[in-house]
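Structure at a glance
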Amino acid sequence: MPAPLSFVRRFLDALPGDDRTDCEPRPVVGASWSRVQPTPVPAPRLLAWSRPLAQQLGLDDARMQEPLTTQVLAGNALWPGMDPYAANYGGHQFGHWAGQLGDGRAIVLGELRAADGSVQELQLKGAGPTAYSRRGDGRAVLRSSLREYLCSEAMHALGVPTTRALSLVATGDDVVRDMFYDGNARPEPGAIVCRVAPSFLRFGSFELPSARGDTALLRTLTDFALRTHFPELGTPGREAYAALLHEVAARTARLCAHWQAIGFVHGVLNTDNLSLLGLTIDYGPYGWIDDLDFGWTPNTTDAGQRRYAFGNQPGIGLWNTARLGEALLPLVDDDERVVEDALAHFQRVYAKAATAWFGRKLGITIDPQRGDEQLVQQLFDWLVAHPTDMTLFFRALGPLLLADAPPTALPESLRAAFYGEVPEAHAAAGHAWLQRWWTRVHQEPRPAATIAAAMAATNPRYVLRNWLAQTAIDAATNGDVSVLDRLFTALQRPFDEQPQFAEFAQKRPEWARSKPGCSALSCSS
Ligand code: AMP
Ligand code: MG
C-alpha cells in the first residue's frame, strides 16, 4: 500500500463556508465555499494521466495505477483527508456584471501537500452539480475535457504559467450538449479532468463580496490570499492590498505577453476566468493561431463582438485588472489612485514583456535607436498581408542565421509556412525584410549560433494546434487514446526537434479550415 497522502485545510479553515450542503441553486451570501460531494459515475476509466505532474505531487506510478485512484479521480471515492467543496465567485462576462457564478461543475477535493513541498488543490471538473450549477448539469464532455487536459500540460511544458491537469477519466455516462446552440442537442461521452493549482482564486472571487458590499468577507478573503499566496507582500493592510493589486497586474500583463508570443487565444477572458496567481485558467473554447490574424477568435459565442480575439487579449487583461482594482477599493479607503497606479504598471510591464518576447523570437535585443521597433512592425504588417503560419514561420528563422550570408531568395522553409499560393510581390517583400533582419542580427554581440540556439528555445516547434486536438478527440471518441498519448509526449518537449512526431508540426490541413472543433468552438462543453 502506498504511504498515506497529506491534505491540509487552508481554504476551508480560513474562509467562511455555507451552512447548506445541498445542490439547490441559490445565492450563497457571506461565504466563500459550499461543501458538496462529487456525484458518482457508472464506469470510470482512466484514459490518461500526466506522469510529470503526478511525480511532482508525490503520486508514484503504483499509486496512479491502483483502482482506488481512478475512483477518486472520477468522483466515486475520496482519499482520507479530502473534504470536497465548491468555491463561490462572481464575474464580468463579455463586459457585463453577471453576479454570482461559482464552481458550477468544479469540485475541490482537497489541498494536497505535494512531494515538492508545495500545497496544491486537486479539483475535479465535471464531477456533478453543486450549489452553483444554476441550470447546468455539473458535467463535462470528453472533447472539452481532453482539450483542457492536453492544453494545460502543453502550456506548462512551454513555460506558460497555467493550472495543471493530472488526469482524464471517461465516466461511462453520456452528457447531452447542443454543441452549436442550434437546436441539435445530442448525447456525447462524459469525462472528468483533475485540475491542479496552488489556488483557483479568480478576479471574480473578489468581485462578488465587493459587489455585495460585504467588505468583511472581501477583507478576510484578501488577507487569506496575501498570507497564503503572496507572503512576500507583507502583513495584510492598506499597503499590502495595494501591493497585491500591483503584483497581480504585473503577472497578468506578463501572462498576456506570453500568450501573444506563442499564439494562444484563451477565448473567454471573463473576469471569473482570470487567476489571482496569474495562471492560465479555465480552458474552454481556446485556440492556437495557425495563420497570424489578430482578429481571430476560436469562440463562436464571441464571433460577432470579437471581444476576446487574439489581438485584444492584452487590452482585456488590462480591463479585467481594472475590475479587480475596483473590487479592492473598499480595502484601500476608496483611493482610486491605487487602481490607476496598478493599471499604469500593467501597461509598462506588458510593453516591456512583449518587447522582450518579440526580441527573443527574432534573436535581437530590441533597441529603438537602431530602428528595431520598425523592423518588428514591418514583419507583422507583412505576416498579416498573406495567411502565414505563425509557429512555422518563427521556428524557421533561427537556422537561417547559420549561413555565411543572408538568403538570396525567400527560403523554402519560410515558404512552407504560407497557406495557399503566394503572390511573388509578397514573397519579394518578405525576402527584403529577411535581409534587413539577417543583417541586424549579425550586429548583435553574441555569436549567430548562440542566437539561433536561443531562438530554438523560444520559438516552439510543437504547439497544440486546433486540428491536432480534434484528431485526438476523434480517435478517443472511438476508443483509441493512442493519438492523445503521442500528442501528449510530443508536447512535453515543444522546443526539441522530434522527427518521430513530424506530423504534429504541420500547418492546418485544408479539411480542418472550417471543421467544428478545429477553427470554431462554442462554450458548450
Ligand atoms: P465557464 O464559461 O466555463 O467559465 O463557466 C462559467 C460559469 O458557468 C461557471 O460558474 C461554471 O461553473 C458554470 N458552468 C459551465 N458549464 C456548466 C455545467 N455544465 N454545469 C454547471 N455549471 C456550469
Ligand atoms: Mg470559468
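Predicted model only: the values in this text are computed from it and were never measured.

Turning our attention to the site of ligand 1. Gly 102, Gly 104, Arg 134, Gly 138 and Asn 273 are the nearest of the 16 residues found near ligand 1. With respect to ligand 1, the side chain of Arg 105 contributes an N or O atom lying 3.2 Å from a nitrogen atom. Contacts to ligand 1 include Gly 138, whose backbone N or O atom sits 2.8 Å from a nitrogen atom. Protein chains shield 79% of the accessible area of ligand 1, which is 480 Å² for the free molecule. Classifying every residue of the shell around ligand 1 by side-chain character gives one nonpolar, seven polar and eight charged.

So, about the domain arrangement of the protein. For the protein, the assigned domains read domain 1 (7-199) and domain 2 (364-443). Look at where the C-alpha atoms of domain 1 and domain 2 centre, and you get two points 43 Å apart.

Parts of the model with low pLDDT should not have their predicted coordinates read in detail. With 100% of its residues at a pLDDT of 70 or more, the protein has an overall mean of 97. The secondary structure element of the protein with the lowest average pLDDT is helix H13 (residues 412-415), at 96, and the one with the highest is helix H6 (residues 203-211), at 99.

So, about the nonpolar core. A general tendency of soluble globular proteins is for nonpolar side chains to be buried together. Ranked by size, the top nonpolar core spans 136 residues in total, and within it Leu 168, Trp 288, Phe 393, Leu 397 and Trp 437 carry the most contacts. Here this core spans two domains, and each of domain 1 (7-199) and domain 2 (364-443) adds at least three residues to it. Beyond its immediate chain neighbours, meaning those up to four positions away, Leu 168 contacts Arg 45, Leu 46, Leu 47, Ala 48, Leu 142, Ser 145, Leu 146, Tyr 149, Ala 191, Ile 192, Val 193 and Leu 484. With 33 residues, the next largest nonpolar core counts Leu 57, Leu 59, Ala 77 and Val 196 among its residues.

Looking now at the pattern of salt bridges. Tallied over the entire structure, the rule returns 34 salt bridges. Here Asp 83 ties to Arg 35 by a salt bridge, and the two come within 2.9 Å at their closest N and O atoms. Of this pair, Asp 83 sits in the loop between helix H4 (67-74) and strand S4 (85-87) while Arg 35 sits in strand S2 (residues 33-35), placing them 48 residues apart in sequence. Residue classification places Asp 83 among the buried positions, given a relative accessible area of 16%. With relative accessibility at 28%, the residue Arg 35 sits in the partly exposed group. In this structure, Arg 493 engages Asp 496 in a salt bridge whose closest nitrogen and oxygen atoms are separated by 3.0 Å. Using a relative accessible area of 42% as the deciding quantity, one classes Arg 493 as partly exposed. Under the relative-accessibility criterion, Asp 496 is labelled partly exposed at 34%. Bridged by salt links that share partners, the residues Lys 125, Glu 148, Arg 195, Arg 202 and Asp 282 form one connected network.

Time to look at the pairing of strand S10 (residues 186-197). Here is the key point about a regular strand: its side chains alternate between the two faces of the sheet. For S10, the tally of buried residues reaches nine of twelve residues, placing the bulk of the element in the interior. Pairing geometry for strand S8 (residues 119-125) and S10, over five bridges, is antiparallel. Along S10, the bridge assignment pairs Glu 121 with Ala 197. With ten bridges connecting them, strand S9 (residues 164-177) and S10 associate as antiparallel partners. Each residue of the ladder has a partner; that of Arg 177, found in S10, is Arg 186.

Once that is clear, we can look at the layout of surface pockets. In this structure, the largest pocket occupies an estimated 1100 Å³ of space. Of the residues in the lining of the largest pocket, the class split is ten nonpolar, twelve polar and 13 charged.

Cut-offs used in this document
- Residues numbered from 1 in each chain as written.
- Chains lettered and ligands numbered in written order.
- Predicted model: local features only at pLDDT ≥ 70, side-chain atom pairs only at ≥ 80, totals over all residues.
- Heavy atoms only, no water.
- Near = heavy atom within 4 Å.
- Polar contact = N/O pair within 3.5 Å; in protein donor to acceptor, adjacent residues only side chain to side chain.
- Areas by Shrake-Rupley, 256 points an atom, 1.4 Å probe, with all protein chains shown as cover.
- Nonpolar A, V, L, I, M, F, W, Y, C, P; charged D, E, K, R; others polar.
- Domains from an automatic or database assignment.
- pLDDT = per-residue confidence, 0-100.
- Helix = DSSP H or I, 4+ residues; strand = E, 2+ residues; numbered from the N terminus.
- Core = buried A, V, L, I, M, F, W, Y, C linked by side-chain atoms within 4.5 Å.
- Buried < 20%, exposed > 50% of the residue type's maximum accessible area, 1.4 Å probe, protein only.
- Contact = heavy atoms within 4.5 Å.
- Salt bridge = Lys/Arg side-chain N within 4 Å of Asp/Glu carboxyl O.
- Pairing = 2+ DSSP bridges.
- 1 Å grid on protein atoms, 1.4 Å probe; cavity = no way out; pocket = protein on both sides within 12 Å on 5 of 7 lines; lining within 4 Å.
- Points joined across faces, edges and corners; volume = space filled by probe spheres on them.

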